[in-house]
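Geometric and topological summary
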Amino acid sequence: MDYCNDIISSEEKDILQEIMNIAFGQAAADLADVINIFVVLSVPYIEMLNAQDLPEYLKSQVCSYDRISIVEQNFWGDFKGSAFLVFQANAGRELVSLFGEDPGGGGSDSIDALEKETLMEVGNILIGACVGKLSELLGDLVTYSPPRVVIENTPNDAIPANVFESNSSAIVLKTVFNFNERDVNGFLFLVTSHDSILWLKKSLADFMEQYE
Amino acid sequence: MIRTILLVDDSPISRRMMKSCIPKDRGYEIHEAGDGLAGFEAYKANQPDVTFMDLTMPVMDGSESTAKIREFDPNAVVIVCTADIQIKSITNVLDLGALMVMKKPPSKEAVEDALSKAAELIG
């Protein structure tokens, strides 16, 4: 069964992909404004899954990383769901120096705290700008939970299955990025629930109406 | 005078959006390509007056394609239309000879303005 085509058409998928491309472009520009970094963007990828399969899917996507750090943030509006920003484990230390901090200073507790703070800040900017732009283009306004950071977990334990509702669907919007001046790669996944899909279909049609 | 336009973008939806923003009453001949390499080939085959170029594309990205087109034809008019609005990306393609950079999603006004600037340059 092509799970995706049963729920959204290939044209809707293409529109969503283009909107995601615009939204993550905005997020990258916002981050580049705040810290001295250049984000190498890639073509975003959309996939529709059963929500119960999500933890397994997310694990398979980051399996090349031994240990990972995750920034997770929930958002609510007509468009609602969760965003997961996934980095390989050393990312926090690489990014700390971009904020003008010395990653080598202080004890291990303070390094962990600094890394956590940095990942939270980067996550907040990327997720907020991306989800915000996506919602704006689709005529919605979302609110966010505070970001939650998990540092240096294994991909197996990263995302527990019980965070997703069973028997619901999820659109996974995936984009891979690379911070050019630093050895940092990551993924951004946006997972939206079944409740948002009808709204999303209508909003995508409304968005394209201006181009008919 | 602008007669032919080339749209280079990997997203068919994005090309559709661009096409709908191009004034229909001027009889432009429009060609399309789905990646930077195909865009370069289409440029050589059709010699368009104006090329609208995306940046983030598979096979060959828009920066490389712009560079190749400008190397092939130093008078080529390339207008970049992209979601990658980082200052460094914009500066890079302007240095490669792009006439200007438009932010996605395109609007009729922005496309009209870009075509006017291109027409002034072409004469």
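Basis of the calculations
Residues numbered from 1 in each chain as written. Chains lettered and ligands numbered in written order. Predicted model: local features only at pLDDT ≥ 70, side-chain atom pairs only at ≥ 80, totals over all residues. Helix = DSSP H or I, 4+ residues; strand = E, 2+ residues; numbered from the N terminus. Buried ≥ 20, exposed ≤ 12 C-beta atoms within 10 Å, placed from the backbone. pLDDT = per-residue confidence, 0-100. Core = buried A, V, L, I, M, F, W, Y, C linked by C-beta atoms within 7 Å. Contact = placed C-beta atoms within 7 Å.

Quick notes on the overall build of chain A
The number of helices and strands found in chain A is seven helices and eight strands. Burial analysis of chain A (212 residues in total) assigns 40% to the buried set.

Comments concerning the confidence of the model for chain B
Looking at chain B, the pLDDT average stands at 96 and 100% of residues meet or exceed 70. Confidence metrics for the complex model read pTM 0.88 and ipTM 0.90.

A word on the nonpolar core
Membership of the largest hydrophobic core comes to 89 residues, with the highest contact counts inside it found for Leu85 and Cys130 of chain A together with Ile79 and Val80 of chain B. Here this core gets 11 residues from one element, more than from any other, and that element is helix H2 (residues 10–34) of chain A. Beyond its immediate stretch of four places on either side in the chain, Leu85 of chain A contacts Ile70, Val71, Gly123, Leu126, Ile127, Gly186 and Leu188 of chain A.

Considerations on helix H1 (residues 12–21) of chain B
Side chains that are three or four residues apart share a direction in an α-helix, a result of its 3.6 residues per turn. The buried count for H1 of chain B comes to seven of 10 residues, which makes it a mostly enclosed element. Of the residues making up H1 of chain B, those classed as buried are Ile13, Ser14, Arg15, Arg16, Met17, Met18 and Cys21 of chain B. Residues of H1 of chain B that are buried in the fold lie against H2 of chain A together with strand S1 (4–8), strand S2 (29–33), strand S3 (50–53), strand S4 (78–82) and helix H5 (108–122) of chain B.

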